[in-house]
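The primary structure of each chain is shown beneath.
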Amino acid sequence: MSDLGAGSQNLSRFIWYGVDQSGRLCSGALDSVDIEQAKQTLSRNNFRQLVVNLENSSSSLGAFERWRKLYRYRPSKLQQAMFARQLSTLLAAGIPFLRALEVMVDETADQKMSALIAAIASDLEQGSSFHQALQNRQNSFDDLFLHLVKAGEMSGALDLALAELAKQKEKSLELTRKIRGAMIHPLSVLAIAVVVTL
């Protein structure tokens, strides 16, 4: 656990958890005036996905475990498709990016997915691009998702890139359903044959 900042009577000690530039999980202690200033200091030191709490506060209890679960959380293909489709629709309707994410946080029933979207929005508020915010959570999104988002941002057509992502994810889900459906009949016949021969 690293220690940033210097002690002072006017400062409070905060415990923080985050990810460095290489994607390594990190934690430490930091003396600061308040949480916002602590986050700014950590951001300047290239730490992302931050959770910051007062030392020994009730909110700090279990904070790292909750943060680690979110860091490792990977949405299902269906959740990724819905995320891309909904965000694409909101952006195409002219809703500002951060406002669109706020709407999705409120409307997403799954608590982990909602927390993930909120964390992405937090990175954007701190100056990250959308691609960087997703890259910070590379455990949550696959390479195709990251590449298409980056291309969409660079071309100024992020809503179209997200729509294409949703389409690709939906096609993949449909193919998986068809394959599973095609396997059910042969397996059923095999099971019956085994029972008959017993």
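The structure reproduced in this document is the subject of the present report. Throughout, a residue's number is its position along its own chain's written sequence, starting from 1. With the structure being a predicted model, the display of local features is reserved for residues of pLDDT at least 70 and the display and counting of side-chain atom pairs for 80 or more, all residues being used for whole-chain, interface and lining totals. Water and hydrogen atoms play no part in the side-chain values, which are based on all heavy atoms of the structure.

### Digging into the overall build of the chain
Part 1: The numbering of helices and of strands both runs from the N terminus, where a helix is a DSSP run of H or I of at least 4 residues and a strand a run of E of at least 2. A tally of regular secondary structure across the chain gives eight helices and four strands.
Part 2: Counting helices and strands in the order they occur from the N terminus, the chain gives β-β-β-α-β-α-α-α-α-α-α-α.
Part 3: Summary of the burial criterion: residues with accessible area below 20% of their type's maximum are buried, those above 50% are exposed, and those between are partly exposed, where the area comes from a 1.4 Å probe applied to protein chains only. Burial analysis of the chain (198 residues in total) assigns 36% to the buried set.
Part 4: Here, residues are in contact when the closest pair of their heavy atoms is within 4.5 Å. Across the chain, every contact between residues at least 6 apart in sequence was considered, and the portion connecting residues at least 24 apart equals 55%.
Part 5: Only the protein chains shown count as cover for residues, and all accessible areas are computed by the Shrake-Rupley method using a 1.4 Å probe. As displayed, the chain has an accessible area near 11600 Å², and 55% of this comes from carbon and sulfur atoms.

### Re the nonpolar core
Part 1: Nonpolar cores were defined as sets of buried Ala, Val, Leu, Ile, Met, Phe, Trp, Tyr and Cys residues, with membership established by side-chain atoms within 4.5 Å. Counting 26 residues, the largest nonpolar core has Phe83, Leu87, Ile120, Phe130 and Leu162 as its most contacted members.
Part 2: Elements that contribute at least two residues to this core include exactly α3 (77-92), α4 (97-107), α5 (111-125), α6 (130-135), α7 (143-155) and α8 (158-197).
Part 3: Considering each element in turn, this core owes the most residues, six residues, to α5.
Part 4: Setting aside its immediate chain neighbours within four residues, Leu162 contacts Ala84, Leu87, Ser88, Leu91, Phe130 and Val149.

### Brief notes about α4
Part 1: Turning to α4, its buried residues are Ala100, Leu101 and Met104. Around the axis of α4, the buried residues are gathered within 95° of arc, so they sit on the same side. Starting at the helix axis, one direction is taken to each C-beta atom, and the arc is that of these directions.

### Brief notes about the pattern of salt bridges
Part 1: Between Lys or Arg on one side and Asp or Glu on the other, a salt bridge is scored when a side-chain nitrogen of the former is within 4 Å of a carboxyl oxygen of the latter. Going through the model one piece at a time under the given rule, you end up with four salt bridges.
Part 2: A salt bridge links Arg99 to Glu102, with the nearest nitrogen and oxygen atoms 3.4 Å apart. Taken together, the residues span about one helical turn, with Arg99 and Glu102 both in helix α4 at a distance of three residues.

### Some remarks on the side chain of Asp31
Part 1: Assignment of secondary structure puts Asp31 in strand β3 (residues 25-32).
Part 2: Note on Asp31: relative accessible area 12%, which makes it buried.

### Digging into α7
Part 1: Between its first and last C-alpha atoms α7 spans 18 Å; for 13 residues at 1.5 Å apiece the expected length is 18 Å, and the two agree.
Part 2: Taken together, the buried positions of α7 are Phe145, Leu146, Val149 and Gly152. Here the buried residues of α7 occupy an arc of 130° about the axis, which is enough to place them on one side. Residues of α7 that are exposed and angled more than 90 degrees away from the buried face: Asp143, His147, Met154 and Ser155.
Part 3: Here a polar contact is recorded for every N or O atom pair within 3.5 Å, except that within protein the pair must consist of a potential hydrogen donor and a potential acceptor, and residues adjacent in sequence are included only if both atoms are side-chain atoms. Capping of α7 at its N-terminal end is provided by Asp142; its side-chain oxygen lies 3.3 Å from the backbone amide nitrogen of Leu144.
Part 4: Directly beyond the C-terminal end of α7, a positive phi value near 80° is found at Gly156. Helix span is expected to be 1.5 Å times the residue number reduced by one.

### Here we look at the side chain of Ser88
Part 1: Mapped onto the secondary structure, Ser88 falls in helix α3.
Part 2: On the accessibility criterion, Ser88 (7% relative accessible area) is buried.
Part 3: Beyond its immediate chain neighbours, meaning those up to four positions away, Ser88 contacts Asp159, Leu162 and Ala163.

### Examining the pairing of β3
Part 1: Within β3, six of the eight residues are buried, leaving the element largely enclosed by the surrounding structure.
Part 2: Two strands pair under a simple rule: DSSP has to find at least two bridges between them. Bridging between strand β2 (residues 12-19) and β3 involves eight bridges; their strand directions are antiparallel. Residue Trp16 lies in a different strand from β3, and its bridge partner there is Gly28.

### A few points about the environment of Arg72
Part 1: On the secondary structure map, Arg72 appears in helix α2 (residues 63-72).
Part 2: Residues Arg72 and Ser140 lie 68 residues apart in sequence; the distance between their C-alpha atoms is 6.8 Å.

### A short note on the packing of α3 against α4
Part 1: Two numbers describe how α3 lies on α4: the axes approach to 10 Å, and their chain directions differ by 135°. Classified by the angle their axes make, α3 and α4 are oblique. Judged by the sense of rotation from one axis to the other, the crossing of α3 with α4 is right-handed. Across from Phe83, Gln86, Leu87, Leu90 and Leu91 in α3, the residues of α4 making contact are Phe97, Ala100, Leu101, Val103 and Met104. Axes, fitted as lines to C-alpha atoms, cover a helix only where it is in contact. Angles between the N-to-C directions of the axes lie from 0 to 180 degrees. Working definition: roughly parallel below 35 degrees, roughly antiparallel above 145 degrees, roughly perpendicular at 65 to 115 degrees, and oblique for all remaining angles. Each crossing gets its hand from how the near helix is turned against the far one by less than a right angle, where anticlockwise is left-handed and clockwise is right-handed.

These figures come from the coordinates and say nothing about function on their own.
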